[in-house]
Amino acid sequence: MSLYDDTVLVLKGYEDQPELRDLYLEHLAAHPDGIYKPCRAGHITGSALVVDPAGGRVLLTLHKKLGMWLQMGGHCEPDDATIAGAALREAREESGIAPGLTLLPGGPVRLDRHPIPAPCNWHLDVQYAALAPAGAVAEISEESLDLRWFPYEEVAAVADGSVVRLLEATRARLGA
């Protein structure tokens, strides 16, 4: 199965946010290359909010290009077999937490569509949550200006609405 086919299958099984899900599926049907960065009409991205449920905190990265506190994430690569795998790869690369970082079961937590500068128009982000192992030590990557753990209660003060909605959905799934 290709990354494209996996993403379509994941989206078809995603029951929340039906209008946005359908927009993603329409995009992929119209743009077979819509999973990768060169697609100028927009492209699928995979991200993961790294959470430490025991500590009641999340790890955010201060994005180098955007200057915003965001979850880990980015573009799909040719070697990615699944959209979940792309999100987990990005989370591991950007957080420096490789061993023990796992995705929260149950598939994507949310979808988020946001505009980006030309030449592309849109990121169609498939958002997951990743569970950090106990005692995880984060390491800043080249893509970040900073990397910091924030208590759940402080996220709304530093991050945009997309990250806040992702955290709320993640906490609901965790029962926290």
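Residues numbered from 1 in each chain as written. Predicted model: local features only at pLDDT ≥ 70, side-chain atom pairs only at ≥ 80, totals over all residues. Heavy atoms only, no water.

1. Things to note about the pattern of salt bridges
Where side chains of opposite charge bring their charged atoms close, a pairing between them can arise.
Next, step 1: Following the criterion strictly, the structure yields 7 salt bridges and no others.
Next, step 2: Where arginine 89 meets aspartate 80, a salt bridge forms, and the shortest distance between an N and an O atom there is 2.8 Å.
Next, step 3: A residue is classified by how much of its surface remains accessible, and aspartate 80, at 9% relative accessible area, is buried.
Next, step 4: A salt bridge links glutamate 90 to arginine 89, with the shortest nitrogen-to-oxygen separation between them at 3.1 Å. When sorted by exposure, glutamate 90 lands in the same class as arginine 89, which is buried. (Salt bridge = Lys/Arg side-chain N within 4 Å of Asp/Glu carboxyl O. Buried < 20%, exposed > 50% of the residue type's maximum accessible area, 1.4 Å probe, protein only.)

2. A word on the layout of surface pockets
Next, step 1: In this structure, the largest pocket occupies an estimated 970 Å³ of space.
Next, step 2: Lining of the largest pocket is provided by 36 residues; of these, His63, Leu66, His75, Ile116 and His123 occupy positions nearest its centre.
Next, step 3: If you list the elements that add at least two residues to the lining of the largest pocket, you get strand S1 (43-52), strand S2 (57-63), strand S4 (72-75), helix H3 (83-95), strand S6 (110-115), strand S7 (122-131) and helix H5 (161-174).
Next, step 4: Of all the elements, S4 adds the most residues to the lining of the largest pocket, at 4 residues.
Next, step 5: Per-class residue counts for the lining of the largest pocket are 11 nonpolar, 13 polar and 12 charged. (1 Å grid on protein atoms, 1.4 Å probe; cavity = no way out; pocket = protein on both sides within 12 Å on 5 of 7 lines; lining within 4 Å. Points joined across faces, edges and corners; volume = space filled by probe spheres on them. Helix = DSSP H or I, 4+ residues; strand = E, 2+ residues; numbered from the N terminus. Nonpolar A, V, L, I, M, F, W, Y, C, P; charged D, E, K, R; others polar.)

3. Some points on the nonpolar core
Next, step 1: Grouped together as the largest cluster of nonpolar side chains are 30 residues, with contacts concentrated most on Ile44, Val50, Leu101 and Val126.
Next, step 2: Element by element, the count of residues in this core is highest for H3, at 5 residues.
Next, step 3: Every residue in contact with valine 126, bar those within four places of it in the chain, is listed here: Leu11, Tyr24, Ile44, Thr45, Gly46, Ser47, Ile83, Pro108, Arg110 and Leu111.
Next, step 4: Among the nonpolar cores identified, the runner-up in size contains 18 residues, and Ala129, Tyr152, Ala159 and Val164 belong to it. (Core = buried A, V, L, I, M, F, W, Y, C linked by side-chain atoms within 4.5 Å. Contact = heavy atoms within 4.5 Å.)

4. Things to note about the pairing of S6
Next, step 1: Bridge count for S6 against S7 is 6 bridges, and the pairing is antiparallel. Note that in S7 the partner of arginine 113 across the bridge is leucine 124.
Next, step 2: A loop of 6 residues connects S6 with S7, the two strands running antiparallel in sequence. (Pairing = 2+ DSSP bridges.)

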